[in-house]
Amino acid sequence: MDVLVVGGTGAAGRAAVVALAGRGHTVRALSRSGKTDVPGAIGYRADLSTGEGLAKAMSGVDAVVDAFNVRSQSYETARTAFVGATERLLAAGKEAGVGHHVLLSIVAIDNSPFAYYRAKEAQEQAVLAGQVPYTIVRATQFHEFGGQLAEQTRFGPFVVLPTFVTRPVAVSEVGEALADAVEAGPSGRAPDLCGPAVERVPDMARRTLKARGVRAVVIPLPLPGKVGAMMRSGALGGDGSGRQGRQTFDEWVRGESAKA
Ligand SMILES: NC(=O)c1ccc[n+]([C@@H]2O[C@H](COP(=O)([O-])OP(=O)(O)OC[C@H]3O[C@@H](n4cnc5c(N)ncnc54)[C@H](OP(=O)(O)O)[C@@H]3O)[C@@H](O)[C@H]2O)c1
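So, here's what we can say about the structure.

Further remarks concern the packing of aromatic side chains. Here the structure, examined in full by the defined rule, presents six aromatic pairs. The interplanar angle of 70 degrees and the centroid separation of 5.7 Å between the aromatic rings of Phe-145 and Phe-164 together place this pair among those described as edge-to-face. Placement of Phe-145 in helix α5 (residues 145-152) and of Phe-164 in the loop between β8 (158-162) and β9 (165-166) is noted, with a sequence separation of 19 residues between them. Taken together through their ring pairs, the aromatic side chains of Phe-68, Phe-82, Phe-114, Tyr-116 and Tyr-117 make up a single cluster. In this structure, Arg-118 is placed above the aromatic ring of Tyr-75, and the distance from its NZ or CZ to the ring centre is 4.6 Å. Residue placement shows Lys-120 over the ring face of Phe-82; its charged tip is 4.7 Å from the ring centre.

Rendered as C-alpha cells:
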C-alpha cells in the first residue's frame, strides 16, 4: 500500500513510518520540514494549518495515518489546530480518493476536564463526521511522557509534576498498532492500546532524568478538584480490556541509561 503518515517526524508518526516501511509499504512522511531519517521512506513538506502542500502529498495514497500534534494547554488553540488539520486532511483525502483515514488518539478522553483532551475529542468527532472511512486508535501515554513533561515544568533544579497514574506504552508498539490498523482497513474504533504496567508520572520523570544523567528534584503535586482526582484514579491508563503493549517502563528506561 501507499501510506501517508502525517506528523511522520514526530514520536508516534516516526514509529508508524518505521513499522509500515518494515512491512514493505511505500511510506510518505509528512511534516513542515519535509524530512525523514527512516530508510526507504519519502519526506513530504506540507503545512496543516493552511493546507499548503497537502494535495501533492495525498496524490495516489491508499491510506493516511494522522499522528499530527500541537503542544498547547489552551482549548481554543488545540481545538483549532486539531480540528482544522483533520478537516483539511479529510477534504484533501476525499478529493484524492483516499480509502482509509487512521487517527491516533488518546485513551479515556471522553468528557474530560482537560482542555487538550477535549480538543482531541473534537478531532475524533471531525473524523466521525468526515467522508473518508476511518479507524481511530487510542493509546495511553508513551514511556517518554514523564521526561517530556519534566522538560516543560523544570524550574532550576526542581520539577513539579501532578500525581498522575497511567499505564505507559512503548511508542514503537504504537507504531505497530497504527500499521496493523492500516492493514486491517476501516474498522471504526480499534481496541485501546495501553502499556503492561501501572506507573506514576512523577516517578517516570525522576527515573528518566536520572537515566539521562540530569540532576533534578521531582516534586509530585496532587492537584485539587475533578482534574486531580481523575489523574490519581488511574482511569487515564484505560481499563486494561483492549490491546496491551509488551515493553515495560523499566525496560525502556534501562535503554535510556544505556544511551546516556
Ligand atoms: N505523547 C503521548 O504520550 C501520546 C499518547 C497518546 C496519543 N498521543 C497523540 O499522538 C499524536 C502524536 O503525538 P506525538 O507526541 O507523537 O507528536 P510530536 O512528537 O509532537 O510530533 C508532531 C508531528 O506533527 C508535525 N507537525 C506539527 N505541526 C504541523 C503542521 N502545522 N503541519 C504539518 N506537520 C506538523 C511535526 O513536524 P514539524 O514540526 O516538522 O512540522 C511532527 O512530525 C497526537 O495527536 C497526540 O495527541 C500522544
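For the rest of this paragraph, the subject is the site of the ligand. With respect to spatial proximity, 28 residues lie near the ligand, and among them Thr-9, Ala-12, Arg-32, Tyr-116 and Lys-120 are the closest. In the environment of the ligand, an oxygen atom lies 3.0 Å from a nitrogen or oxygen atom belonging to the backbone of Gly-10. The backbone of Phe-142 places a nitrogen or oxygen atom 3.0 Å from an oxygen atom of the ligand. About the coverage of the ligand: the protein hides 88% of its 900 Å² of free accessible area. Contributing elements (two or more residues each) for the shell around the ligand: α1 (11-22), β5 (100-106) and α4 (115-129). No other element matches the three residues that β5 contributes to the shell around the ligand. When grouped by side-chain class, the residues that make up the shell around the ligand number 13 nonpolar, eleven polar and four charged.

One way to put it is that helix α3 (residues 75-96) packs onto α4 with a least axis distance of 8 Å and a crossing angle of 20 degrees. Here α3 is positioned roughly parallel relative to α4, judged by the angle of their axes. Crossing geometry of α3 relative to α4 is assigned as right-handed. For the pair α3 and α4, the contacting residues are Tyr-75, Ala-78, Arg-79, Phe-82, Val-83, Thr-86, Glu-87 and Leu-90 in the first and Ala-115, Tyr-116, Arg-118, Ala-119, Lys-120, Ala-122, Gln-123, Ala-126 and Val-127 in the second.

Strand pairs in the sheet, formed through backbone hydrogen bonds, run parallel or antiparallel to each other. Taking strand neighbours across the sheet as the criterion, the three strands line up as β7-β8-β13 in an open arrangement whose pairing is mixed. Either end of the sheet is taken by a strand with one partner, and the two such strands are β7 (154-155) and β13 (217-221). Pairing of β8 with β13, which is carried by five bridges, proceeds in the parallel orientation. Across the sheet, Pro-162 pairs through a bridge with Leu-221, a residue of β13. Contacts from α5 reach β7 and β8 within the one sheet, and its direction differs from that of β8 by about 120 degrees.

Judged by nonpolar contacts, the single largest core of 46 residues is most densely connected at Leu-4, Val-6 and Tyr-117. For this core, the secondary-structure elements that each account for two or more residues are β1 (2-6), α2 (54-58), α3, α4, α5, β8, α7 (201-211) and α9 (249-259). Contacts of Val-6, omitting those with residues within four sequence positions, involve Leu-30, Leu-48, Val-64, Val-65, Asp-66, Ala-67, Phe-68 and Leu-89. Val-27, Val-38, Phe-142 and Leu-193 belong to the second largest nonpolar core, which has 30 residues in total.

Relative orientation of the contacting elements α7 and α9 amounts to 25 degrees, with a least axis distance of 8 Å. In terms of axis orientation, α7 runs roughly parallel to α9. Where α7 abuts α9, its residues Met-204, Arg-207, Thr-208 and Ala-211 lie against Phe-249, Asp-250, Trp-252, Val-253, Glu-256 and Ser-257. Tallied by class, the residues present in the contact of α7 with α9 amount to five nonpolar, two polar and three charged.

Applying the stated rule across the entire model yields 14 salt bridges. For Asp-110, the salt bridge identified is with Arg-138, shortest N-O distance 2.9 Å. Of this pair, Asp-110 sits in the loop between β5 and α4 while Arg-138 sits in strand β6 (residues 134-139), and the two are 28 residues apart along the sequence. When the shortest N-O distance is used, the salt bridge between Glu-256 and Arg-212 registers 3.0 Å.

About the criteria used
- Residues numbered from 1 in each chain as written.
- Predicted model: local features only at pLDDT ≥ 70, side-chain atom pairs only at ≥ 80, totals over all residues.
- Heavy atoms only, no water.
- Phe/Tyr/Trp six-rings, centres within 6.5 Å; stacked < 30°, edge-to-face > 60°.
- Helix = DSSP H or I, 4+ residues; strand = E, 2+ residues; numbered from the N terminus.
- Lys NZ or Arg CZ within 6 Å of the ring centre and 35° of its normal.
- Near = heavy atom within 4 Å.
- Polar contact = N/O pair within 3.5 Å; in protein donor to acceptor, adjacent residues only side chain to side chain.
- Areas by Shrake-Rupley, 256 points an atom, 1.4 Å probe, with all protein chains shown as cover.
- Nonpolar A, V, L, I, M, F, W, Y, C, P; charged D, E, K, R; others polar.
- Axes fitted to C-alpha atoms, helices over the stretch in contact; angles between N-to-C directions.
- Parallel < 35°, antiparallel > 145°, perpendicular 65-115°, else oblique.
- Left-handed = near helix turned anticlockwise from the far one by under 90°.
- Contact = heavy atoms within 4.5 Å.
- Pairing = 2+ DSSP bridges.
- Core = buried A, V, L, I, M, F, W, Y, C linked by side-chain atoms within 4.5 Å.
- Buried < 20%, exposed > 50% of the residue type's maximum accessible area, 1.4 Å probe, protein only.
- Salt bridge = Lys/Arg side-chain N within 4 Å of Asp/Glu carboxyl O.

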